[in-house]
Amino acid sequence: MKFSFRAMWNYKCPRCRKGDLYKKPLVISNPLDMNKRCEHCDLDFYPQPGYYYGAMFLSYITSSWFLLLICLGLVFGLGWSVNAAMVLTIFVALISFLRFLRGSRSLWLHITTKYDERYAKEH
Ligand SMILES: [Zn+2]
């Protein structure tokens, strides 16, 4: 089965798409507090030390392009001044920080782990 943007966006386990990656509720002082294993299919969310090192690069790449496109769109598309566009871009960066931080780990897991229907149906 193909990559599921919905499962990635909702921080679901990449193998069964049912278990949650992150503990709930979100604690703002520890936003990367993940479950050790999937509660549904028992997938190990920490398969090796430094596993999420690659997620750091994904976070950098996705957030940089996202913010750059917003800034360029405001300046060249809508004719805003550079300063006004930078203020709005910094504001968007602040409010989207947690989404990129947590989403990059979710995306990394979804890129490196295949969906398996057998695990989705069990239980
Ligand atoms: Zn699972």
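First, a word on scope: everything that follows refers to the structure included in this document. Residue numbers restart at each chain and count upward from 1, following the sequence in its written direction. For a predicted model such as this one, the threshold for reporting local features is a pLDDT of at least 70, and the threshold for listing and counting side-chain atom pairs is 80 or more; totals across whole chains, interfaces and linings nevertheless cover every residue. Hydrogens and water molecules were not included; the side-chain quantities draw on all heavy atoms of the structure.

What follows is about the coordination of the zinc ion. Note on metal sites: the ideal angle is 109.5 degrees for four tetrahedral donors, and 90 or 180 degrees for six octahedral donors. For Na, K and Ca the donor cut-off is 3.2 Å, and for all other metals it is 2.8 Å, counting N, O and S atoms only; because water is absent from this set, sites may look incomplete. For the zinc ion, the full set of protein donor atoms is Cys13 (SG), Cys16 (SG), Cys38 (SG) and Cys41 (SG), and the range of their distances to it is 2.2 to 2.3 Å. In these descriptions, tetrahedral denotes four donors with every angle between 85 and 135 degrees, square planar four donors and octahedral six donors with opposite donors over 155 degrees apart and the rest between 65 and 115, and irregular any other case. Geometry at the zinc ion is tetrahedral, judged from the four donor atoms that bind it and their angles of 107 to 117° at the metal. Of note, the zinc ion draws all its donor residues from one chain, in the sequence arrangement C-x2-C-x21-C-x2-C. For the pair shown, Cys13 and Cys16 are each scored as buried. Classification of residues uses two cut-offs on accessible area relative to the type maximum, computed with a 1.4 Å probe and protein chains only: under 20% is buried, over 50% is exposed, and between them is partly exposed.

Quick look at unusual backbone geometry now. Here the amide bond leading from Lys24 into Pro25 is cis, since omega sits at 0°, within 30 degrees of zero. Strands here are runs of E lasting at least two residues and helices are runs of H or I lasting at least four, both read from the DSSP assignment and numbered beginning at the N terminus. As for its placement among the helices and strands, Pro25 is situated in the loop between helix 1 (5-9) and helix 2 (53-77). Of note in this structure, Arg17 is not a glycine but carries a positive phi near 60°. Note on placement: Arg17 falls in the loop between helix 1 and helix 2.

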